[in-house]
Amino acid sequence: MMETVWGQLLLAFSGALGYGFLFHLPKRLFFSAAFGGLLGWGVYLLAGLCTGSGPVRYFLACILLTIYAEVMARRHKTPATLFVVPAAMPLIPGGALYYMMKYAVEQQWADAGAYGGTALSIALSIACGILTAMLAVRLFFILRGQRRG
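Residues numbered from 1 in each chain as written. Predicted model: local features only at pLDDT ≥ 70, side-chain atom pairs only at ≥ 80, totals over all residues. Heavy atoms only, no water.

Participant: Help me out: how do you make sense of the side chain of Thr 78 in this one?
Facilitator: Note on placement: Thr 78 falls in the loop between helix H3 (54-76) and helix H4 (81-88). Exposure remark for Thr 78: the relative accessible area of 15% places this residue in the buried category. Those residues in contact with Thr 78 that sit more than four places away from it in its chain are Arg 28, Leu 29, Ala 73 and Phe 83. (Helix = DSSP H or I, 4+ residues; strand = E, 2+ residues; numbered from the N terminus. Buried < 20%, exposed > 50% of the residue type's maximum accessible area, 1.4 Å probe, protein only. Contact = heavy atoms within 4.5 Å.)

Now the structure itself:
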């Protein structure tokens, strides 16, 4: 079991690193962006110990990886998107999208709809997690700035 977890974390790191190369990130950001992918997948796996709900796991993973991306963006003085996009890539529901298309091509509409619903719920969880964390971080800095001023 533990080898599988380490393998998954390594693959998440590698996947995020690959997207960093694909999107032509500056070399100084590769490791930080790839570590975000590992961190996000690690939270996804840990959340699986507490909940069996896939969308909740994706939501929690995206909240943490987005907070990490915001911190790294401030540290490296770059946009947070440079960290969020590669880090979120390992979480994309590729399997559900593949099977949705497979069943749609085979005209098995019930199965295509089921996998489409799964893919949609995961995609919405990812988007909501990123949005929630970005808004929380921005609100934090706005409130912190008002206290100082």
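Participant: What is the right way to read the packing of aromatic side chains from this model?
Facilitator: One pair of aromatic rings is described through two measures. These are the centre distance and the angle between the planes. Inspection of the entire model under this criterion finds twelve aromatic pairs. A connected cluster of aromatic rings, assembled from ring pairs, spans Phe 13, Phe 31, Phe 35 and Tyr 68. For the cation-ring pair, Arg 57 lies above Tyr 44, with the distance from its terminal atom to the ring centre recorded as 3.9 Å. (Phe/Tyr/Trp six-rings, centres within 6.5 Å; stacked < 30°, edge-to-face > 60°. Lys NZ or Arg CZ within 6 Å of the ring centre and 35° of its normal.)

Participant: So what exactly am I meant to see when it comes to helix H2 (residues 30-50) here?
Facilitator: Because the α-helix completes a turn every 3.6 residues, residues three or four places apart line up on one side. Taking 1.5 Å of rise per residue, the 21 residues of H2 would be expected to cover 30 Å, and the 31 Å separating its terminal C-alpha atoms lies within 8% of that figure. For H2, every residue scored as buried is listed here: Phe 30, Ser 32, Ala 33, Ala 34, Gly 36, Gly 37, Gly 40, Trp 41, Gly 42, Val 43, Tyr 44 and Ala 47. (Expected span 1.5 Å × (residues − 1).)

Participant: Looking at this structure, how should I read a nonpolar patch on the surface?
Facilitator: Where nonpolar side chains cluster on the molecular surface, the patch consists of Tyr 19, Leu 22 and Phe 23 and spans about 300 Å² of accessible area. Tracing the sequence through the fold places Phe 23 in the loop between helix H1 (2-22) and H2. (Patch = residues over 30% accessible without salt bridge, like charges linked within 9 Å, V, L, I, M, F, W, Y side chains within 5 Å. Areas by Shrake-Rupley, 256 points an atom, 1.4 Å probe, with all protein chains shown as cover. Salt bridge = Lys/Arg side-chain N within 4 Å of Asp/Glu carboxyl O.)

Participant: Explanation requested: the environment of Met 101 in the structure shown.
Facilitator: The topology assignment puts Met 101 in helix H5 (residues 94-105). Along the primary structure Met 101 and Val 43 are separated by 58 residues, whereas in three dimensions their C-alpha atoms are 28 Å apart.

Participant: In this structure, what is going on with the pattern of salt bridges? I would like to understand it.
Facilitator: A side chain of one charge can pair with a side chain of the opposite charge if their charged atoms are brought near each other. Applying the stated criterion across every chain, the model contains three salt bridges. Here Glu 70 makes a salt bridge to Arg 74, at a shortest N to O gap of 2.8 Å. Of this pair, Glu 70 and Arg 74 both sit in helix H3, four residues apart, which is roughly one turn of the helix. Judged by its relative accessible area of 2%, Glu 70 is buried. Across the pair Glu 106 and Lys 102 runs a salt bridge whose closest N-O atoms are separated by 3.3 Å. A residue is classified by how much of its surface remains accessible, and Glu 106, at 37% relative accessible area, is partly exposed. Owing to a relative accessible area of 30%, Lys 102 belongs among the partly exposed residues under this scheme.

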